[in-house]
Amino acid sequence: MSEARREEAEAARGARAAVAFPTATGKTPAARTLGAWVWALFVLVCLTHLASIAWRGDWPVDTDVMALLPQDTRHHAAEQALARLSDGASRRVVVVLSAPDFSVVRAAAQMIAPWIGDSRGPLAPLPANVGTLRELGDFYAPWRDRLLTTTERERLAAEPPEALARTALHALYRPGPAPHVYGPLADPLGSADRWLAERALATPLRPREGYLWLRREGRELIVLPFELRTGALSVAALEALQPRLDAARALARSAGVELDAAGVAVHAAAATHRAQREMSLIGLGAALGIAAMMWLVFGRLRPLALVLGSVGIGLAVALSLSLLVFGRVHLVTLVFGASLVGVAEDYAIHWLAVRALAAKDAKSVATRAIVPGLWLAFTTSALGYLALALAPFPGLRQMALFAISGLAAALLTVLLWLPRLLGAEPRAGRASQVIARSWRRWPRVTRSPLAALLLLGMLGWLLASAADLRTADDLRALQSSPPELLAQQARVGDWLGEPSPVQFFLVRAADHATLLQREEALVERLRAHAAAGHIGGHRALSDWVPSPTRQAEDAALLAPARAVAQAAIGNALGAADTGPTALAAAPLTLDAWLESPLSAPLRALFLGRIDGELASVVQIQGLTRPEQLPALAALAPDLPGVQWVDRIDDYSRLLREYRVAMLCVLATAVLVVALLLALRYRRRAWRVLAPTLLGMLAVLAFLGWRGEPLQLFHVLGLIVLLGMADDYGIFLLEGAGDDAAWLGIVLGAGNTLLAFGLLAFSATPALAAFGLTLLIGIGVAWLAAPMVADHEGTGARGHVPP
């Protein structure tokens, strides 16, 4: 194209831009200056907001992956139960020291416990108290006449009082250990003793020399319980937790002791450390890529500073608005935001590329001419990100707001500030001219039979590969904790008999008595389940506080045999004292037990009121296989007020439902974008959309070929791809075959590929799936865009021959 023709085309496009987007070109210089100052004031407010948070030193950042997922409105009670159950558990950290020799473990504990629980650290030590048998006996003494195990209850029902009394009398003189807590007259049949002994077996931990101790697999274990000093999983605490545990592990290793750590905070600290590292790598990698390309193309630092400045302002505004709207921001959102560096720089790069290659006296006209294309590119990108907000995922809504506000801020910075901060005009060096002209040698899709055959063959291979695609929506696929931490969590859980925190029975009733009765009905079935070896056991409030009805029934069942045995033993011993503590007339209540320090380990099982009813949780121990779950779920339907809760299954179902819903959103978005493009480009709209659709098909084909299942975050990546990949076709059509348009596309696509290429290798599965989708889709769309571009047209309308 001759210089005269080029200037004529640029003038024509500038005129159309002024009509379509008068705010970009039709305002007076004073009005544009006012807009730049208003934007500067807004940016200053956002920066001040972020500075105030930084000054406080504790960024409100979420680290729990469950915070990314939606609330299931159909299981509101289960959501509330899970939230209350995990409130205290999220702060607890359990450290286990193990070695073959107890003295070695004790010496290590004396050294390590003060180090971990130092007042300057994030963890505070918890008291090592599991309740001795004597302490349990002192509390339950007033109700010792109504505490029966299932075995005792069956024995009392089967044998007459006289036979039971004779057995008790013989046991009095039988040699061997006498585990009586209350004594033969206070508990003549030993029924309360056996009930207490059964409760003491609820935990494998025993006090030893001031520590919680147990023996497993020939090793002596000391358990050190801690909790976070902060009330929530604050980023500051998590940042300090990881190095402190690493240092403690090194100390233990030097003493010949193994250290295992478990708890939500341990995994959150690892996630925080990993996310910070990924943010640094992704952001730094994308920034270095921009720097290298800017230097290669323009040979100056000022264009680089302008590009990075527009991106930095975009990210700062996005973070500030996200915090203002949501109050907190998720780490995954921040990692995702770091990848936007590769997208937001497109506007500044394209603006600088057009400016550099334009004729000397047509630079302003050329940059005004691309304003409609920039706004259209932003609109299609915003539509893609806006689709994320349609999903009821809090994390995805954060990502949508972060992306749209960040891109809008970057674009406004380019349009309002770059003309005033440009300084010397950017020069098109030799490298930029080579890149800009490279598309002239790009292969074209023609109407020849050979091209049609090749195209059909490629599409056939892509469709065949995509046909092998399968889907998967298991929540476990989002698990991103390091394998060594998962192994430690499993070991500690096995040693301590920890129940599953996300699979349990929820019991509800109008009052305490009914609540305990409903638990007892469930517990009877669970005991049969455990006796058959299907589960390891359970934890329930009713094991520690029988219902008033059960206490009355057991007292009536026990009274005849107890009276006969007490008289016989009294005669044999020549005494009539029944013990130091009188029996209570009223039954033991749940409130009295909850107020006792002995209830501390199990107090979290009582949830208080949920939706107007009292609620409690019955937890299951020994859940190690998915095959165990259906039989447990079958126990609840015919029990009033009892509900089986499996949050992993519930969330997996939600992921499946929303994957299907987002596929429908994707199809709708394609139609909306196609209509938007058709309104501007008429019959040439397919040249913008075809590369994007080809990129989507390539993603599906790659997943099918690799055998990787399609999941929700792949679909979300395809939605974002729709908004991003259209930019290349838009810039080519708006550029009218101009070399400057291709230069901007190459620079922008290169940096976008770099950013999302790094994101594809994230250790967070959701981000990796998202990044891989965009890496493949954008790469294919970028390569395909010039193949189908209109090399003779100019702008949205009109034609300038070469």
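Residues numbered from 1 in each chain as written. Predicted model: local features only at pLDDT ≥ 70, side-chain atom pairs only at ≥ 80, totals over all residues. Heavy atoms only, no water.

**Some remarks on the confidence of the model for the protein chain**
Detailed conclusions should not be drawn from predicted coordinates in areas where pLDDT is low. Averaged over all residues, the pLDDT of the protein chain equals 80, while 85% of them reach at least 70. Here residues 9–26 is a poorly scored stretch, pLDDT under 50, and it has 35 contacts once near neighbours within four places are set aside; other chains count. Scored below 50 in pLDDT, residues 793–802 shows 35 contacts in the model against residues more than four places distant or in partner chains. (pLDDT = per-residue confidence, 0-100. Contact = heavy atoms within 4.5 Å.)

**Examining helix H9 (residues 191–200)**
Among the residues of H9, Ser191, Ala192, Asp193, Trp195, Leu196 and Arg199 are the ones counted as buried. In the core, the buried residues of H9 are packed alongside helix H6 (133–140), helix H7 (150–158) and helix H22 (548–573). (Buried < 20%, exposed > 50% of the residue type's maximum accessible area, 1.4 Å probe, protein only. Helix = DSSP H or I, 4+ residues; strand = E, 2+ residues; numbered from the N terminus.)

**With respect to a nonpolar patch on the surface**
Where nonpolar side chains cluster on the molecular surface, the patch consists of Leu41, Leu44 and Val45 and spans about 300 Å² of accessible area. Structurally, the position occupied by Leu41 is in helix H3 (residues 29–56). (Patch = residues over 30% accessible without salt bridge, like charges linked within 9 Å, V, L, I, M, F, W, Y side chains within 5 Å. Areas by Shrake-Rupley, 256 points an atom, 1.4 Å probe, with all protein chains shown as cover. Salt bridge = Lys/Arg side-chain N within 4 Å of Asp/Glu carboxyl O.)

**Looking at the side chain of Asp260**
Structurally, the position occupied by Asp260 is in strand E7 (residues 258–262). Judged by relative accessible area, which is 3%, Asp260 ranks as buried. For Asp260, the side chain forms a polar contact with the side chain of Arg491, separated by 2.6 Å. Among all residues touching Asp260, those that are not within four sequence positions of it are Val94, Val95, Val96, Gln488, Arg491, Val492 and Trp495. (Polar contact = N/O pair within 3.5 Å; in protein donor to acceptor, adjacent residues only side chain to side chain.)

**Section: the pattern of salt bridges**
Counted according to the given criterion, the structure contains 17 salt bridges. In this structure, Asp554 engages Arg153 in a salt bridge whose closest nitrogen and oxygen atoms are separated by 2.9 Å. You can see Asp554 sitting in helix H22 and its partner Arg153 sitting in helix H7, a full 401 residues away along the chain. Residue Asp554 is classed as buried on the basis of its relative accessible area of 3%. The residue Arg550 makes a salt bridge to Glu524 at a minimum N-O spacing of 3.4 Å. Of this pair, Arg550 sits in helix H22 while Glu524 sits in helix H21 (residues 512–531); the two residues are 26 residues apart in sequence, bridging distant segments of the chain. One network of salt bridges, in which partners are shared, links Glu152, Arg155 and Arg194.

**Observations regarding the environment of Val257**
Its location among the elements puts Val257 in the loop between helix H10 (235–254) and E7. For Val257, a relative accessible area of 5% corresponds to the buried category. Contact partners of Val257, with chain neighbours within four places excluded, come to Leu97, Ser98, Ala99, Val104, Val105, Ala108 and Ala252.

**Looking at the packing of aromatic side chains**
Inspection of the entire model under this criterion finds seven aromatic pairs. By the ring-pair criterion, three or more aromatic residues cluster together here, those being Phe139, Tyr140, Trp143 and Trp195. When the ring centre of Phe102 is taken as origin, the NZ or CZ atom of Arg208, which lies over that ring, is 3.8 Å away. The side chain of Arg244 reaches across the aromatic face of Trp115, ending 4.6 Å from its centre. (Phe/Tyr/Trp six-rings, centres within 6.5 Å; stacked < 30°, edge-to-face > 60°. Lys NZ or Arg CZ within 6 Å of the ring centre and 35° of its normal.)

**Focus: the packing of helix H12 (residues 301–326) against helix H17 (residues 394–421)**
As a packed pair, H12 and H17 sit with axes 7 Å apart at the nearest point and diverge in direction by 140°. Judged on the interaxial angle alone, H17 and H12 are oblique. Here H12 and H17 pass one another in a crossing that is right-handed. Split by residue class, the contact of H12 with H17 holds 17 nonpolar, seven polar and two charged. (Axes fitted to C-alpha atoms, helices over the stretch in contact; angles between N-to-C directions. Parallel < 35°, antiparallel > 145°, perpendicular 65-115°, else oblique. Left-handed = near helix turned anticlockwise from the far one by under 90°. Nonpolar A, V, L, I, M, F, W, Y, C, P; charged D, E, K, R; others polar.)

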